[in-house]
Amino acid sequence: MRLNNVLRSLCLAFIFCVVLAVAPAAASYSWENNITVGMEGMTWEYTEEYSGLQCILFRSAIDSELGNGDGFVAAWEILKMDTASRKNLHGSVSRKMDVMINDSSSRISLSGVECVMSKELLGPVSKQEQVLNTYRVRYNFREPLSDQGDRVWFQGEPGTHVLITMPEGLDILEVEGIDNATIRKQGSVQKVKGDFDFTGEAVLVFRENRTAAQTGIPVVVTELKPAQTRRYPSTLDGVFPGTTDRLLEILDRGSKL
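Calculation rules
- Residues numbered from 1 in each chain as written.
- Predicted model: local features only at pLDDT ≥ 70, side-chain atom pairs only at ≥ 80, totals over all residues.
- Heavy atoms only, no water.
- Salt bridge = Lys/Arg side-chain N within 4 Å of Asp/Glu carboxyl O.
- Helix = DSSP H or I, 4+ residues; strand = E, 2+ residues; numbered from the N terminus.
- Phe/Tyr/Trp six-rings, centres within 6.5 Å; stacked < 30°, edge-to-face > 60°.
- Buried < 20%, exposed > 50% of the residue type's maximum accessible area, 1.4 Å probe, protein only.

### A closer look at the pattern of salt bridges
Tallying each qualifying case throughout the model produces 8 salt bridges. We note a salt bridge from Glu45 to Arg136, for which the minimum N-O separation is 2.7 Å. Residue Glu45 is located in strand 2 (residues 41-51), and its partner Arg136 is located in strand 7 (residues 131-141); the two are separated by 91 residues in the primary sequence. Residue Arg138 pairs with Glu114 through a salt bridge whose shortest N-O separation is 2.8 Å. One end of the pair, Arg138, is in strand 7; the other, Glu114, is in strand 5 (residues 108-116), and 24 residues separate them in sequence.

Below is the structure:
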């Protein structure tokens, strides 16, 4: 066992040397939210994108934490990451529901979690191909949305992009907690686009079967203050707490040798 750990450490050291040699100075990570609300339930789709050094860190974590540490991400290692990601996301939402209707989630249930890991994860740890992962959480409403109230609340990651599509027949009267919010209408469906503010909490106030034009009531958009820059966690942080920071520390130490 000790010999195996030594070999694993040597392999990781080699990987990080390669990373230092080939990784660009620029690296990025982004997270977007696409929420589709229906009368009987909703779907929250998360899309995360890694590029540059972040791609290499992601592959390194999979290979070292879930795989055999050989510097190559195989299909079975991605499958383990898929399973771990779904389990982590399901547990996170189950512990604290991220959607409420009129300040309650008692009539909302989690119906399923799906995960699509990027095929670009396959291959050498040191390659820099962009990674795009998608996660989808489905919810059921035990009663139709319009029968439960007139406010729906979402808890997202501060500073991340969000697109919320409301059900046909519901008119948005007020938007809170979304910076740079814009509202557009496609047929009888309204969509809100912007960024979760520094709290990560957004509220949409709606009314059934009446448009703002018919009632003469304008849509009110509330912005508490400009969004503050904040680092939001990646799937890597959720599945392997502390791994990203640890890998970055190793890379930083190696760059100073």
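Next comes the rest of the account.
### Focus on the packing of aromatic side chains
Counted according to the given criterion, the structure contains 6 aromatic pairs. Ring plane angle 50° and centroid distance 4.7 Å describe the contact between Tyr29 and Tyr50, whose orientation is recorded as tilted. On the criterion of sequence distance, the pair formed by Tyr29 in strand 1 (residues 28-37) and Tyr50 in strand 2 is long-range, its members being 21 residues apart. Each member of the pair, Tyr29 together with Tyr50, is buried. Taken together, a centroid distance of 6.3 Å and an interplanar angle of 20° make the contact between Trp44 and Phe196 stacked. Of this pair, Trp44 sits in strand 2 while Phe196 sits in strand 12 (residues 189-196), and the two are 152 residues apart along the sequence. Assigned by exposure class, Trp44 and Phe196 land together as buried. Ring-pair connections join several aromatic residues into one group, and the members of that group are Trp31, Trp44, Tyr46, Phe154 and Phe196.

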